[in-house]
Amino acid sequence: MSNRAFAIANDIDEKTVRRIKEIKEQDYSISIDTLKKICSAQGVKLSDFFKMIGE
């Protein structure tokens, strides 16, 4: 999926998508608001997301 398509599908800015993809190369912290938007678009509760990454 392209950055643009992901941005549109998840209601976030395309620049944010690029920053997320480059997270290992640069210091970038994803905001809770961005996480909420992505989780909502993907049908995942934010609390479930944190449970998944905590495992």
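A brief structural summary.

Rules and cut-offs
Residues numbered from 1 in each chain as written. Predicted model: local features only at pLDDT ≥ 70, side-chain atom pairs only at ≥ 80, totals over all residues. Heavy atoms only, no water. Patch = residues over 30% accessible without salt bridge, like charges linked within 9 Å, V, L, I, M, F, W, Y side chains within 5 Å. Areas by Shrake-Rupley, 256 points an atom, 1.4 Å probe, with all protein chains shown as cover. Salt bridge = Lys/Arg side-chain N within 4 Å of Asp/Glu carboxyl O. Helix = DSSP H or I, 4+ residues; strand = E, 2+ residues; numbered from the N terminus. Buried < 20%, exposed > 50% of the residue type's maximum accessible area, 1.4 Å probe, protein only. Axes fitted to C-alpha atoms, helices over the stretch in contact; angles between N-to-C directions. Parallel < 35°, antiparallel > 145°, perpendicular 65-115°, else oblique. Contact = heavy atoms within 4.5 Å. Nonpolar A, V, L, I, M, F, W, Y, C, P; charged D, E, K, R; others polar.

Okay, a nonpolar patch on the surface next. A contiguous nonpolar patch, built from Ile 32, Phe 50, Met 52 and Ile 53 and spanning about 400 Å² of accessible area, is present on the exposed surface. The leading source of residues in the nonpolar patch is helix 4 (residues 46-54), at 3 residues. On the secondary structure map, Met 52 appears in helix 4.

Next up on the list: unusual backbone geometry. Trans is the prevailing form of peptide bonds, just as negative phi is the prevailing case for residues other than glycine. The backbone of Asp 11 shows a phi angle near 55°, a positive value even though the residue is not glycine. For Asp 11, the position within the fold is in the loop between helix 1 (3-9) and helix 2 (14-21). On the basis of relative accessible area, Asp 11 is assigned to the exposed category, the value being 58%.

Here we take up the pattern of salt bridges. Across all of its chains, the model carries 3 salt bridges by this definition. Here Asp 48 ties to Lys 51 by a salt bridge, and the two come within 4.0 Å at their closest N and O atoms. Within this pair, Asp 48 and its partner Lys 51 are both found in helix 4, separated by 3 residues, close to a single helical turn. Classification of Asp 48 by relative accessible area gives partly exposed; the value is 32%. Assessed through its relative accessible area of 54%, Lys 51 is described here as exposed.

Each pair of packed helices gets described by two things: the angle between the helix axes and the distance between those axes. Helix 4 packs onto helix 3 (residues 32-42) with a crossing angle of 100° between their chain directions and a minimal axis gap of 9 Å. When the interaxial angle is binned, helix 3 and helix 4 end up roughly perpendicular. Contact residues: helix 3 offers Ile 32, Leu 35, Lys 36 and Cys 39, while helix 4 offers Leu 46, Phe 49 and Phe 50. Of the residues contributing to the contact of helix 3 with helix 4, the split by class is 6 nonpolar, no polar and 1 charged.

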